[in-house]
Every structure is written in structure tokens, then in C-alpha cells.
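Inside the fold
If you want the building blocks of each chain, they are given just below.
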Amino acid sequence: MKHTSFFLSLLFISSTLFAQFNRGVQWTKDGNAYYRVENKEIVQYNLPDLQKKVVVSAAQLTPTGKTDPLNVRSYTYSNDFRKVLIYTNTQRVWRYDTRGDYWVLDLDKNTLTQVGKGRPVSSLMFAKFSPDSKKVAYVSERNVYSEDLATGKITALTKDGTTRLINGTFDWVYEEEFDCRDGFRWSPDSKNIAYWQIDATKIRNFLMINNTDSIYAFNVPVEYPKVGERPSPYKIGVVNANGGLTKWMNTPGDPGNTYIPRMEWGSANELIMQQLNRKQNESSILAADIKTGKTTQFYTDRDDAWVETKSSYSWSETPEGWDWINGGKEFLWMSEKDGWRHMYRVARDGKSEKCITAGDYDIISVVLVDEKNNQLYFMASPENATQSYLYRAPLDGSKKAERVTPADQSGSHRYDLSPNAMWASHSFSNANTSPMNEWIRLPEHKALKDADDISKKLAAKADAPKRVEFFKVKTEDGIELDAWMVKPANFDPTKKYPIVFTVYGEPASATVRDSWGTGRNGLYAGDMAKDGYIYASVDNRGTPSPRGRNWRKAIYRKIGVINIRDMAMGAKAMFEKNSFIDTSRVAVHGWSGGGSSTLNLLFQYPALFKTGIAVAAVADQLTYDNIYQERYMGIPQENREDFVAGSPITHAHKLQSNQNLLYIHGTGDDNVHYQNAERLVNEFIKHNKQFQFMPYPNRSHGIYEGDGTSKHLNTLFTNYLREHCPAGAK
């Protein structure tokens, strides 16, 4: 539910890279240059002069007997920088193309060799070099393999993997809700591999039905633990990279009633793990002796609502790596224990800790730990929760954080810092300024090329009109909310215009962000402003905005209640302040969690919202997955009434005859199951509620597969809105 095409996470995450996704900058070892793929070659750009040279030619990337070079999806260098691991011929697994083929380019021998020969085509996942650069390990068909690069010998480290017993990767719900995909880790001495084993045999399949790909329909099973169902049991094992028996770690508690979203090596003989209880409000840090399997708990973090995992604030696309400092005597840990999201340095034994970013503000995400220069670089925005800026603070906590981003660049930023913290790729935008990019020198934040200087470009655009207006509204409950509005072209304040709200409303995302794309409706076929609509959004309590723990966690056990109240009262306050809003023409739309919010707003506040377009909504919270729903709502066996109170299906009977609803869902949605649509339809039938319904056959949560799908969806959305919430001034 947290990922859609239209609602992006608040967090700007600077990328570190692995062999599946080169989404950010691929830095050289010393940090004074970076690599990228251009014209089917890997090139290097030196800093600060940005001089380019080819380091891997197209010829080197062409397999023997072939005429075309490999289509490079991504690549990683070995630790000695003498080999390159190439990822190609990829296939999608759930959300990302994490399955494909791998080749190793030996730069000394100038040889290109495929890894995993004999394995099925495009079956390898998460391949990575051993720290000593002598082996590559990977997952194929749910088993872990190692391969000796000198001899080509392939060793199956696990052999019991099946579609339901998963080694080295994860089941659907771990991937979706913890961002867990790569499920194995090389030991620092290259001797062993630690890995997760997920036993999904205990999880019931949810059966989707494919009616379109053959004359006879067939089931598409997904191992999917519904809220209230026990999670897939896990094991953490260690196996020698040359093969042998796995040594299982003795993790405490019931593995079918707890989670381990994070596991890394602490040393060559020790693993460090984060274990969460079922409610995800207690995080225990465990050390495991790989020889005996004995585990010891040495640190605990708790919250009355839920605790964060690294994926929520990670400075990389893959939240891997334990963040050791001071020679392994301390580690960094993010917590909201003082009411704000801050970084702590914690002693290895867990007995002492110090907040190093103290203050009444939140860290949005961490960008770089620069221990050499005693600095932590992170994103924050203490004065404006809709924006994000680069800050830094001493790792020893000796000084308050200072802003690095220039004061004249108001909006949202993204940085990818070099390992030596001397250079960065910097991207900027705000809701009224399209994205700009520059390479900068740090710490002075100076553009390397005058022509790219963002501050100078902004100065030249200072008088440009502001299409998206940001403001705050205070509800009758005394809650101050962030909001934005786009007024119609040729706006006349003496006339009245229809208003269309876009909503999300749940803890996974925020809609009020001062970044490019805000104020633009990707579902509408046309220009809403030119057509005479006001377009707007209000962010409620519970969104992941940097407004403190209490703001974010006010929604605990109240999804579908407090967020809906805030959005409705925010809209009401806007109506009272702005006489140009035609309250007889008020529409709302959203996708996924936003679809749920759309339904709840329509049902619970029919006096305010007249037209709704809901896409892929969770109509019944009891149908969604356990990790997400239990994190934010508790366990239904203990507080079922909260799930019922916040579910749109509970309030469906309140739909009024003068309201209009268009409901849209893909029948092949493995995330928010199509059963939500049919359960909601049944409730409407029961109460004789009339509405319009559009199922998209065999489409997933994003509803994009198949010829003509996106155009059809856009046309459907636009026509319905124009018919039931007519555009234009009155």
C-alpha cells in the first residue's frame, strides 16, 4: 500500500549502490571521481574538472561470439577495483527487476565471463563479490551459491530452497514492508556467508485469478500473511563459502511471532541483528556468536506506537550495513525517544549513548557518515516540514547542527556525497521550479561549473509566477496542517470554482511537499487549471512529515479516523476562508492508502465531499498484510474495533444519493487485493448504494500493464470528474 505511481515517500534518500540498482553516484574508491554508463561503456569523470575517460569499453562488454555489448542495468567494482560485476537481462520480482544474469569483467586479464553458468536464464539475484575479490555469491531459485572466480567452480551453499522455503531472499511481505530483498551477507574475512531462511510454508496463499491469459482461468498464488496472521518464521544461518553444514543462530523468542528486518556482520566471528516483536514497538539488538549460535541482547529501543527500521531513514537504496564508528567500539542508532527523530552514538555494549543531533527537529534521512572529519551529513527542515535541506553535525555531539544548503535555495534537495565528503551531486526543485542539477564542492557548497550554479539560476527566475501556493490551515480541533493549492488560470476571486483534493493520509507518505510534481495531477488528461479547477491537498497527522514523533504517531490505532478527521476539517477551514470555493462542487481522489482516504472522506463527511474517485483502496483493513497493518494499528485479536472503525467498508452505507463515486481496482493486484473491491461492492449492493465501478483485468497495484491501459485510466478519470464535478467559474 505504501508504494504507488502517484504518492512518493517524503524521504529523499541518497544512494549507495549494489549490483541491482545504480540509482545514484557510483564513486571511485578515493571519492575524487565517479563512474557512469554512457553509450554502452563505463566512463569515469574526475573531480573537480569533470574530465571524462573510458574505463570499460563497449568491446570489453561484448561476450565472445557476440556482436553487441551487454545491456548494463548496473555494475559494481570488486574491493580491489580489478574486477567489475555486470548485471544484465533483468526480470521483475514484485516491484523491482532483482532477477537477471551476471558477468564478471576481469580488468587484468581482459576477460568477460558469465557467472552462474548452468543456472536458468535470468535467475540470479543479488550477486556480489567477496571482500577479498576471489568469489561471487548469489541467489538462484531460492538457494544461495558461491562461485570461485579462478576455477569457475560453483558450490550450492543451500539445497532445500523451494517456492515456499526461501534462502537468501524474502517473501512478499518482508520485501514490501521492510524493504528486505538481498538476504545474505559476506563475512569480512570472505570465509562465510550469513543468510536469512524464510519459511513461507506456514503462510496461506492468497489466490488471485487470471481470467485473461488463457481460455481456462487459473490461480496466481501469493504467500501473503493477512493482518492477524502469524508471520513467516525465519532462521539466520551461517555457512562456509566453500560449502558445508549451516550453523543456525539461536535467536530468542518465537520466530513465527517476531521479525528480523536487519542482520549484518559485527566482526568475522559475530553477527548483529535487529529483532522486532510482533507489534513492532520494541526493537532488540542481538549479537550472535557464529561458532556456537548463542545470541545476546545488548540494546533495546521502545515506543508506545512503533519503532523505526533503517529503511525509513536510510541513506541508501538498500538499508544494509551496520554503522560502526570508533573502531567498532560504538555504533549509530536512530531513535525518536526524545520526541524527535535523532541520531545517537551507542557504546558497543549498549550501556551508554549520546544524542549527537539534539534539538527540536527531525532528521529526515542520513546522507553520509564522515568519521574521518567527525561529521554526520543528513537531511532536515526545522522550519518548514514541506521542504528538505542538507545539514551536518559533529559525530561527537560537540556542536549543534548547521545547515549546508544555501539559504536562497528554498525547496527540496537531494545529495549524493563522495566518500571523502569533498564533492556531491546535488539536485534541487520546488513545486514551482523544475529540477536543477549541479556538481558541488563541499563544505562551501560551491558549483563546479558556473553554468550549473543553482543559486544563480534561481536568482534569474526570482520574479517567475508561483503556480502552487503553500499555506497552513488551522482546524476547529486546533490542529495546524500544511496545505497547497493551485488556482485556475485567469482566476477571478469574485467567482466560484470547483475544488479537487488529492489525498493519501497514511504513515507511508505525505502529499504536501515543496518539490516538483506537487500540484500536478498525473491522472487528469489535460490541464486542470486551464479547465477551471482548483487543485489542492492537505496533510494530516500521521504522515511522515518532519514535525516530531507526536505528529507522526498520533495516527496509531486510528488509521481511517484521525487522518480522515484532519483532512476533512482542513478542507472545511479552507472553505470558510476562501469564498471562491464552490462547496457544491468538491471532489477528492487518491490511490492505495489515498483510495482508502477518499472512500472514508466521502462516507464519513458527505456534507463536505460530493464526488470521489478511489483507486486500489484498502476497503477493509482486515484484508491487508500483517507487517504494515499491525505496525500502525495493533493486532486485531486485541483491538479489532479499531480496524473496523477505520475501514471504509464500515461506513459504506453512509454514501448519499447526491454523492458520486467511481471505484477502480486491478484484478491482479498482489498488494491491495481485488477482494477489497468485491467486498465493498457487496456492501453497496446490500444498502442499495449506486456508484460506478471499473475493474482492470489482471493489472497489478500500479494499473499500467497492457496496451492502452494508462490512456484508458486517464480518460476514465477525466471524463468522470468533468461530468460529476464540472469545471469552470460560476
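With an unreviewed UniProt entry as reference, the protein chain is termed Dipeptidyl-peptidase-4, source organism Runella defluvii.

Before going further, it helps to spend a moment on the overall build of the protein chain. Looking only at helices and strands, one finds eleven helices and 43 strands in the protein chain. For 730 residues, the compact-globule estimate of 2.2 N^0.38 gives 27 Å, and the protein chain sits close to it at 26 Å. Referenced to the eigenvectors of the C-alpha coordinate spread, the extents of the protein chain come out at roughly 75 × 60 × 60 Å. Across the 730 residues that make up the protein chain, the buried fraction comes to 61%. Contacts in the protein chain between residues far apart in sequence, at least 24 positions, make up 60% of those at least 6 positions apart.

Looking now at unusual backbone geometry. With an omega dihedral of 10°, the bond running from Leu47 to Pro48 counts as a cis peptide bond. Structurally, Pro48 is set in the loop between β3 (41-46) and β4 (52-56). The amide bond that connects Leu442 to the next residue, Pro443, takes the cis arrangement and shows omega of 10°. With respect to the helices and strands, Pro443 occurs in the loop between β34 (433-441) and β35 (446-447). Backbone geometry places Ala421, a non-glycine residue, at a positive phi of 60°.

A separate point is the sheet that holds strand β37 (residues 480-486). Strand order in the open sheet made by the eight strands is β36-β37-β39-β38-β40-β41-β42-β43, with mixed pairing throughout. Single-partner strands in this sheet number two, and they are β36 (468-474) and β43 (692-696). On average, adjacent strands in this sheet sit at an angle of 20° to one another, irrespective of strand direction. Here β37 pairs with strand β39 (residues 534-538) via four bridges, running antiparallel.

As a further point, take the pattern of salt bridges. Within this structure, the stated rule accounts for 42 salt bridges. Measuring nitrogen to oxygen at the nearest pair gives 2.7 Å for the salt bridge that ties Lys279 to Glu638. With a gap of 359 residues between them, Lys279 in the loop between β21 (270-277) and β22 (282-289) and Glu638 in helix α8 (residues 636-646) connect regions that are remote in the sequence. Here Glu638 falls in the exposed class, since its relative accessible area comes to 52%. A salt bridge links Asp531 to Arg722, with the shortest nitrogen-to-oxygen separation between them at 3.2 Å.

Here we take up the environment of Asp106. Residue placement: Asp106 occurs in strand β7 (residues 96-106). With 260 residues separating them along the chain, Asp106 and Val366 place their C-alpha atoms 34 Å apart. A polar side-chain atom of Asp106 sits 3.0 Å from the main-chain amide nitrogen of Lys109.

Counting residues in hydrophobic clusters, the biggest one holds 48 residues, and the most contacted among them are Tyr174, Ile236 and Leu271. Elements that contribute at least two residues to this core include exactly α1 (172-178), β15 (192-199), β16 (205-210), β18 (234-240), β20 (258-267), β21, β22 and α7 (626-633). Not counting the four nearest positions on each side in its chain, Tyr174 is found in contact with Asp179, Cys180, Ile198, Tyr234, Thr258, Tyr259, Ile260, Pro261 and Ile627. Judged by nonpolar contacts, the second largest core, of 43 residues, contains Ile534, Val538, Leu601 and Tyr605.

Applying the stated criterion across every chain, the model contains 40 aromatic pairs. Where Tyr224 meets Tyr624, the ring centres are 6.5 Å apart and the plane angle is 70°; that geometry is what we call edge-to-face. Placement of the pair is Tyr224 in the loop between β17 (218-223) and β18 and Tyr624 in the loop between β41 (611-615) and α7, with a sequence separation of 400 residues. Just as Tyr224 is buried, Tyr624 falls in that class too. A ring pair is formed by Tyr628 and Tyr632, whose centres lie 4.9 Å apart and whose planes are at 80°; its orientation type is edge-to-face.

What follows covers the side chain of Gln44. Within the secondary structure, Gln44 is located in strand β3. A distance of 2.8 Å separates the side chain of Gln44 from the side chain of Asn46, its partner in a polar contact.

Reading the values: the criteria
Residues numbered from 1 in each chain as written. Predicted model: local features only at pLDDT ≥ 70, side-chain atom pairs only at ≥ 80, totals over all residues. Heavy atoms only, no water. Helix = DSSP H or I, 4+ residues; strand = E, 2+ residues; numbered from the N terminus. Rg over C-alpha atoms; globule rule 2.2 N^0.38 Å. Buried < 20%, exposed > 50% of the residue type's maximum accessible area, 1.4 Å probe, protein only. Contact = heavy atoms within 4.5 Å. Pairing = 2+ DSSP bridges. Axes fitted to C-alpha atoms, helices over the stretch in contact; angles between N-to-C directions. Salt bridge = Lys/Arg side-chain N within 4 Å of Asp/Glu carboxyl O. Polar contact = N/O pair within 3.5 Å; in protein donor to acceptor, adjacent residues only side chain to side chain. Core = buried A, V, L, I, M, F, W, Y, C linked by side-chain atoms within 4.5 Å. Phe/Tyr/Trp six-rings, centres within 6.5 Å; stacked < 30°, edge-to-face > 60°.

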